[in-house]
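# Observations on the model geometry
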Amino acid sequence: MSKIGYLAGKTVETLKEEGVVELAKKTKRYIFKENEKHIQQVKDILFINGCYLPHPSRYRVDHQMEQLNSNNVSSDSVFYEDLTLELEKYYRGFVFFRCPITDTVKEFIKKAKENNKTIFYDIDDLVFDKKYTKTIKHLNNLSKEELEQYYDGVSRMQETLKLCDYATTTTQALANELKKYVKEVYINRNTASERMCELSLKAIKNINKAEDKIVLGYLSGSITHNADFELILPAITKIMQERDNVYLKVVGELDLPEELKPFSNRVIKEKFVDWQKLPNIIRSLDINLAPLEESLFNEAKSENKWSEAALVKTVTVASNVGAFKVINDNIDGILCENTTEDWYKKLNEIIDNKEQREKIAASAYERVLKNYVTTYSGYKYTKFIKSKLAKSIAFVLPTTNISGGVNVIIKHCNILKKHGYDVFIISMGDEEVNIINNDGELDVVTSEHYRKYDKVICHIDKMVASLWSTLYYCLDYRNVDKIAYLVQNYETNFMEYGNYLKETANSTYSIDKVEYLTISKWCEDWLINDFEREVKYVPNGIKLEQFPVVKRDFKGKIKILIEGNSDDYYKNVDESFKIIEKLDKSKYEINFLSYQGEPKKWYYVDKFMHKVPYDEVGKVYGSCDILIKSSILESFSYPPLEMMATGGIAVVAPNEGNVEYLKNEENCLLYEQGNIEQAVEQIERIRKDKELRGKLIKGGLKTAKSREWKKIEKEIVNLYCNNVK
């Protein structure tokens, strides 16, 4: 049953059995729980809103989010004063809208760039440099303190802008100026939201224009626009003198000029209204007035006044300035030169021609619905945003508990991050922790269950499975371009016969749409030969700094190390301790390192080390002389290589996961699995033969150096992303 179907059923059930009141309580609790659950979802874009004004924030945050969401890019928003560094790890890119610099913003951007996240700056006005804002006449009315505060905000916005990678804006004039600060600017014109369209359609249906009067409307927006109205004041005054049926409706901040006071009975004043009520007001107008002074600052302003009027089929008469030039004159609006003569002439013509008003308004309405609504206009904007995000690679782990396989993935993550990729880990375990090694910190997102992906909903370029069970999570994830499977072992062998999971695990090796990767030669062989897969292989590596060389003297008790989980049969730790039983304990000290299982009662152990942090493992190897490794099955066996790197010696039972680098009598001593006596003999040879020890130590160090990570970095990047030179 779908989630929607389930909820519908529960709603009916609760209503029948517990009544309306209890249903309301449960609904409230559910909504709160759902909102709480979505707080830490991993999404694509976070908008950081730095603007206190509701109108710009609605257009440049809410509406652009609607554009992205309509095109399969998830997004959230936060006010800049509520921004925390913790939020950085939950998004792939960030859009700072009119955001002034703060210590948190500066640190946030630094952290985001360190993790290859993309930073955009969005602005809809020339308010990021004093050379632009000094042309605003209204600023002359501010006190010295108010002016200083205003200019401080301008400077702080510019500082944030300079830290960003790209900019998005509303008009060509703005784009031209922004190009001086960032490497690329995208013009995404203001668009109406779905809700605006809904309210506008209702206004068209419900509001009838008066038949006996012509209502001109001026929606000033703010007091800074008084100078714009002064452009058309002579024309409006003359028209109102000549025509008793012409009214003027003013919405917002506008000081009524002396010239209009004789007609005050025909001047309708409206205070600022909630934007949801604005369509009704604009619909009540016969003509929407949009005068605009010519200046660089005004050239950058958007055409909102025209598009909002078009949505309610009201004709706009506008100055032929800046963004209003998008209007097709006498087709979907009327353009005027900024002279009294032109405004007077054009207004008189349209006042006298109702049919023309309706025709132009209808044409504007059709154009705006097609090109200026979020749902229909967001594809190219979304394409631009996605094109600038770093390629994302997500590794899916069954758990973040330490293991050789997890350590390999951590190293691959860090190498990919170093090469500019946006990398993160999805853990299917219950723990919610950060994986830390001495390469740095990697964020972990925990999923409650591999078929539930409500914590991670961002677009992922490549998702990499790391175990058979994680592959099904990847296949269920809807918003991913490519799926890869990093095969580190033949997991079918992990299950006993009769276990139904055995066939499920085996089925993961023959899925055509999956790209198969491996770090093990023997895995490459059986994937090709048994399953006819195309496989990409890269050798495994080691970070030598983590396993520094320690000179051994082999005097006194020789320290033997046994490593592995005693609960895992394929680690075959029991066999290692059977070898120990045959040794003279007066000559050997027995150390046991386990990440999970405890020593069994019959094990002889002098020193037990449990759940040692991976960064400390090198010290453990360096403190011992000989490693005994008896594993039956491993993808790539790290412990012998790690012991070699520290200058120690490994006595190993060969298996598919270690034979690609182990050379008997050259860099190690091998024994036949199950042959306890042979293993004891090899250990005794090491104790007694100094020349042999020297040869094996030298060969082991040479092998370890050949596997150093930095020598195979580019091969690793090419494993996931082709054509890295």
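All values reported here derive from a predicted model rather than from experimental measurement. (Residues numbered from 1 in each chain as written. Predicted model: local features only at pLDDT ≥ 70, side-chain atom pairs only at ≥ 80, totals over all residues. Heavy atoms only, no water.)

Glancing now at the overall build of the chain. When you go through the chain residue by residue, the secondary structure sums to 25 helices and 27 strands. Across the 725 residues in the chain, those meeting the buried criterion constitute 56%. Nonlocal contacts in the chain, meaning residues at least 24 apart in sequence, comprise 67% of its contacts between residues at least 6 apart. Looking at the chain as shown, the accessible area adds up to about 33,200 Å², and 49% of this sits on carbon and sulfur atoms. (Helix = DSSP H or I, 4+ residues; strand = E, 2+ residues; numbered from the N terminus. Buried < 20%, exposed > 50% of the residue type's maximum accessible area, 1.4 Å probe, protein only. Contact = heavy atoms within 4.5 Å. Areas by Shrake-Rupley, 256 points an atom, 1.4 Å probe, with all protein chains shown as cover.)

Let us now look at the packing of helix H23 (residues 676-688) against helix H24 (residues 690-706). Orientation of H23 relative to H24, taken along the N-to-C sense of each, is 100°, at an axis distance of 6 Å. Classed by the angle they form, the pair H23 and H24 counts as roughly perpendicular. Counting all contacts with H23, which are made through Arg-685, Ile-686, Arg-687 and Lys-688, the residues of H24 involved are Lys-690, Leu-692 and Arg-693. Its residues placed into classes, the contact of H23 with H24 shows 2 nonpolar, no polar and 5 charged. (Axes fitted to C-alpha atoms, helices over the stretch in contact; angles between N-to-C directions. Parallel < 35°, antiparallel > 145°, perpendicular 65-115°, else oblique. Nonpolar A, V, L, I, M, F, W, Y, C, P; charged D, E, K, R; others polar.)

In this section: helix H25 (residues 713-720). Turning to H25, its buried residues are Glu-713, Ile-716, Val-717, Leu-719 and Tyr-720. Each buried residue of H25 lies within a common arc of 150° when the element is viewed along its axis, so the set occupies one face. Where the residues of H25 are buried, they touch strand S13 (392-397), helix H16 (404-418), strand S18 (460-465), strand S19 (480-487), strand S20 (514-518) and strand S21 (535-537). (Arc of directions from axis to C-beta.)

Okay, the pairing of S18 next. Of all 6 residues making up S18, 6 are buried, and the element is well covered by its neighbours. Taken together, the 4 bridges between S13 and S18 define a ladder with parallel strand orientation. Counterpart to Ile-393 in the pairing with S18 is Lys-462. The sheet contact formed by S18 and S19 spans 5 bridges and is parallel. Paired with Val-464 across the strands is Ala-484, a residue of S19. With respect to chirality, the unit in which S18 leads through helix H17 (residues 468-476) into the neighbouring parallel S19 is right-handed. (Pairing = 2+ DSSP bridges. Right-handed = clockwise from strand over helix to strand, strands pointing away.)

Turning our eyes to something else, we now look at the pairing of strand S26 (residues 649-652). Every second residue of S26 is oriented toward a common face, with Ile-649 and Val-651 on one face and Ala-650 and Val-652 on the other, all of them buried. In this structure, strand S25 (residues 626-629) lies alongside S26, joined through 4 bridges in parallel fashion. Each residue of the ladder has a partner; that of Ile-628, found in S26, is Val-651. Assessed by its sense of winding, the connection that carries the chain from S25 through helix H22 (residues 638-645) to S26 is right-handed. Summarising the sheet, S26 and strand S27 (residues 669-670) pair through 2 bridges and their orientation is parallel. Bridge pairing in S27 links Val-652 to Leu-670.

Glancing now at the environment of Asn-499. Residue position: Asn-499 is located in the loop between S19 and helix H18 (501-507). By relative accessible area, which is 31% here, Asn-499 ends up partly exposed. Polar contacts involving the side chain of Asn-499 include one to the main-chain amide nitrogen of Leu-501, which spans 3.0 Å. (Polar contact = N/O pair within 3.5 Å; in protein donor to acceptor, adjacent residues only side chain to side chain.)

Within the secondary structure layout, Ile-360 lies in helix H13 (residues 354-371). Looking at Ile-360, the relative accessible area reads 1%, which means it is buried. On a C-alpha basis, the gap between Ile-360 and Ile-334 in space is 8.5 Å, while along the polypeptide they are 26 residues apart. In this view, Ile-360 contacts Val-315, Asn-330, Ile-331, Asp-332, Gly-333, Ile-334 and Ile-350; residues no more than four positions away in its chain are not counted.

Applying the stated criterion across every chain, the model contains 38 salt bridges. Residue Glu-177 pairs with Lys-180 through a salt bridge whose shortest N-O separation is 2.8 Å. Glu-177 sits in the buried class, given a relative accessible area of 10%. With a relative accessible area of 54%, Lys-180 lands in the exposed category. A salt bridge links Lys-629 to Glu-563; its shortest N-O distance comes to 2.5 Å. Taken as a pair, Lys-629 in strand S25 and Glu-563 in strand S22 (residues 558-563) lie far apart in primary sequence, 66 residues in all. Per residue, the accessibility class of Lys-629 equals that of Glu-563, and both read buried. Put simply, Asp-44, Arg-92, Lys-391, Asp-422 and Asp-461 are held in one network by salt bridges that share partners. (Salt bridge = Lys/Arg side-chain N within 4 Å of Asp/Glu carboxyl O.)

Bringing the packing of H22 against H24 into the picture now. Packing of H22 against H24 leaves a shortest axis separation of 7 Å and a crossing angle of 110°. With respect to their mutual orientation, H22 and H24 come out roughly perpendicular. Two packed elements cross with a definite hand, and for H22 against H24 that hand is left-handed. In this structure, H22 uses Leu-641, Met-644 and Ala-645 to contact H24, whose residues at the interface are Gly-700, Leu-701, Thr-703 and Ala-704. (Left-handed = near helix turned anticlockwise from the far one by under 90°.)

Read from one edge of the open sheet, 6 strands run S24-S23-S22-S25-S26-S27, paired in parallel fashion. In this open sheet, the two edge strands, each paired with only one partner strand, are strand S24 (607-610) and S27. Most of the contacts of helix H20 (residues 573-581) go to S22, to which it runs at about 160°, and overall it touches S22, strand S23 (588-594) and S25. H22 contacts S22, S25 and S26 of the sheet and is inclined by roughly 170° relative to S25.

This paragraph deals with unusual backbone geometry. Of note, Lys-313 is a non-glycine position whose phi angle comes to about 60°, a positive value. Note on placement: Lys-313 falls in the loop between helix H11 (304-311) and strand S11 (315-319).

Looking now at the confidence of the model for the chain. The share of residues in the chain with pLDDT of 70 or more is 89%, and the mean pLDDT across the chain is 88. This stretch, residues 447-453, has a pLDDT under 50; its non-local contacts, to residues over four places away or in other chains, come to 19 contacts. (pLDDT = per-residue confidence, 0-100.)

Quick look at the packing of aromatic side chains now. By the definition in use, this model includes 33 aromatic pairs. Measuring from ring centre to ring centre gives 6.4 Å for Tyr-186 and Tyr-381, while their planes differ by 35°; the resulting arrangement is tilted. Of the two residues, Tyr-186 is situated in strand S6 (residues 185-187) and Tyr-381 in helix H15 (residues 379-388); the sequence distance between them amounts to 195 residues. Judged by its relative accessible area of 0%, Tyr-381 falls in the buried class. Here a set of aromatic residues connected by ring pairs shows up, and it is made of Tyr-485, Tyr-490, Tyr-509, Tyr-516, Trp-522, Trp-526 and Phe-531. (Phe/Tyr/Trp six-rings, centres within 6.5 Å; stacked < 30°, edge-to-face > 60°.)

Turning next to H20. The periodicity of an α-helix, 3.6 residues per turn, causes residues three or four positions apart to be oriented the same way. What H20 keeps buried is the set Val-573, Glu-575, Ser-576, Phe-577, Ile-579 and Ile-580. Considering only its buried residues, H20 is in contact with S22, S23, S25 and H23.

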